[in-house]
Amino acid sequence: MVAHIHVLGGGLAGLSAATRMATQSRRVTLYEAARALGGRARSYYDSQLGSRIDNGNHLILSGNQAVMAYLERIGSKTSLYVSGKPQFPFYDLGTHKQWTLLLSKGRFPFWLFSSSQRIPGVRLKEYATFLKLLRADHTVTVAECLREGNLAHLLLTPLAISALNTPLDKASAQLFASILRQSVIAGGGHCLPLFPQEGLSETFVEPAINFLKFMGAEVREATRVTGCEIAENRIVSLFFSSGERVLVEKNDYVVSTLPPWVAREVFSPHVAGFTAPDEYESILNVHYRLPQELSLCGVLAESRFCGVSGGMVEWIFIRNGIISITVSAANRYINLSQSEVEEKIWGEVKTVLGKGFRLSLPDTPPFARLVWEKRATFAATPHQDTKRPSAKTSLSNLVLAGDWTDTGLPSTIEGAIRSGMRAAEACSV
Ligand SMILES: Cc1cc2nc3c(=O)[nH]c(=O)nc-3n(C[C@H](O)[C@H](O)[C@H](O)COP(=O)(O)OP(=O)(O)OC[C@H]3O[C@@H](n4cnc5c(N)ncnc54)[C@H](O)[C@@H]3O)c2cc1C
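The shown structure was predicted, so the numbers you read here are calculated from the model rather than taken from an experiment. (Residues numbered from 1 in each chain as written. Predicted model: local features only at pLDDT ≥ 70, side-chain atom pairs only at ≥ 80, totals over all residues. Heavy atoms only, no water.)

Student: Would you explain the site of the ligand in this entry?
Tutor: Neighbouring the ligand are 33 residues; Glu32, Arg40, His58, Leu59 and Asp403 lie closest to it. Within the contact set of the ligand, an oxygen atom lies 2.8 Å away from a side-chain nitrogen or oxygen of Arg40. Ile413 places a main-chain nitrogen or oxygen 2.8 Å from an oxygen atom of the ligand. Burial of the ligand by the protein amounts to 91% of the accessible area it has alone, namely 1,000 Å². Listing elements by their share of the shell around the ligand, those giving two or more residues are α1 (12–22), β15 (280–289), β19 (368–378) and α12 (413–426). Residues belonging to the shell around the ligand are distributed by class as follows: 14 nonpolar, 14 polar and five charged. (Near = heavy atom within 4 Å. Polar contact = N/O pair within 3.5 Å; in protein donor to acceptor, adjacent residues only side chain to side chain. Areas by Shrake-Rupley, 256 points an atom, 1.4 Å probe, with all protein chains shown as cover. Helix = DSSP H or I, 4+ residues; strand = E, 2+ residues; numbered from the N terminus. Nonpolar A, V, L, I, M, F, W, Y, C, P; charged D, E, K, R; others polar.)

Encoded structure:
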């Protein structure tokens, strides 16, 4: 009999596991609590903005191999915007200088020797920071590796804080090193910035649902798992909030891609030594609807985003008549009122885009939508990292996935999709 795989959670880890196993002649059912799939990477129509937006700006890099394989599988690779160069325009709010990091395509860092491509004002000895980060053991924080100077201030700080979504005096140097290994260290060919042309759902979610349906898999939205029954060291049934009970037969598997706090509630009474991260960090996105489309020129016309150092804003994306900004590790701003946040952020956006990139913006902030994702990621600290479980569990037919499981990466799309692929491998019949 063909094994039935029950995938719990329809975020990118769940979609990755389900699409992978649907290609392996397995019977797949995916259960998602919400009415729409995508989890923390989704798009929706905002009636006040009069536009479809993503819950948060997501940037991926061409070196994200699991992401590329997933998009290839579901046929949506061409829906990504690719700027064509490993190029990252930045503006520093401290010195009011605009600069652009342009990495060399290959592995050898020729960019270090070109004044128009490298980080301004960095002394050669500062690059030793890379070695320190790459050699850090699992107890060390990013802040302990950084040395005073422009490399830390202009590049590593904004990069690390957005990749780890954790204040750097708490963030794991090892997790940051794993990001550096698959990006800057691997060379510019791995660092082409990519993001969905339309939206996250159009690139990552809707094509996956179509693919699953085409392959005969069942996708069940608005179906919340609440518990399970165990016998002979395996899950024998799943319970849902509707009162439904689904039987899990002998050769079947349950792949959980539930968030850590839900997985703990459902499985920790049954899984020996269950551990999961339990501290989270938030991300703030603010989306501004522009009265008219901005006409971009120069480096910004190619990249359509820029990084910011020395302020509250970290990234600015310009897309489809919307300016969207990202503030990572946003728990530190939780005491600011909404109007304080809006005023501060619009002031920074005007400075960066006006002074840095010569765009003219209205003085009064346009209508803004604040999306504050409170549990955007687990806190990427050395201690939280030790709580991440591997895919296999003490139950013979339960496999864990999700960006919070032990992927070797911080909470990222690459980590989520990689975890789904590993879960598929772990379901060996
Ligand atoms: C604002 C923001 C910005 C980000 N930016 C980036 C970025 O630039 N680059 C990057 O690589 N990553 C980024 N990330 C991280 C990335 O979005 C996540 O790593 C990834 O989406 C996690 O996918 P997942 O499937 O592991 O988890 P989730 O997306 O959380 O999926 C879990 C799913 O389980 C469902 N669920 C919950 N409870 C139940 C239940 N009881 N029964 C059934 N289903 C249930 C949820 O509704 C959800 O759909 C960002 C995240 C946020 C929030």
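Student: Any chance you could explain the sheet that holds strand β13 (residues 245–247) here in plain terms?
Tutor: By definition, the strands of a sheet pair up through backbone hydrogen bonds, in either a parallel or an antiparallel sense. Strand order in the open sheet made by the three strands is β11-β12-β13, with antiparallel pairing throughout. Each edge of the open sheet carries a strand with a single partner, namely β11 (225–231) and β13. Taken pair by pair, the neighbouring strands of this sheet meet at an average axis angle of 25°, ignoring direction. For strand β12 (residues 234–240) and β13, the ladder comprises three bridges, and the chain directions are antiparallel. Across the sheet, the residue bridging to Ser237 is Leu247, located in β13. (Pairing = 2+ DSSP bridges. Axes fitted to C-alpha atoms, helices over the stretch in contact; angles between N-to-C directions.)

Student: How should the domain arrangement of the chain be read in this particular structure?
Tutor: Interface extent is often summarised as the accessible area lost during association of the parts. Along its sequence, the chain is organised into domain 1 (4–35 + 221–278 + 380–426) and domain 2 (104–190). The C-alpha centroid of domain 2 is placed 33 Å from the C-alpha centroid of domain 1. Contacts between the two partners involve eleven residues from domain 1, matched on the other side by 13 residues from domain 2. Contact with domain 2 buries surface across domain 1, with Ala380, Pro382 and Pro410 losing the most and accounting together for 53% of the total. (Domains from an automatic or database assignment. Contact = heavy atoms within 4.5 Å. Buried area = accessible area lost by both parts, 1.4 Å probe.)

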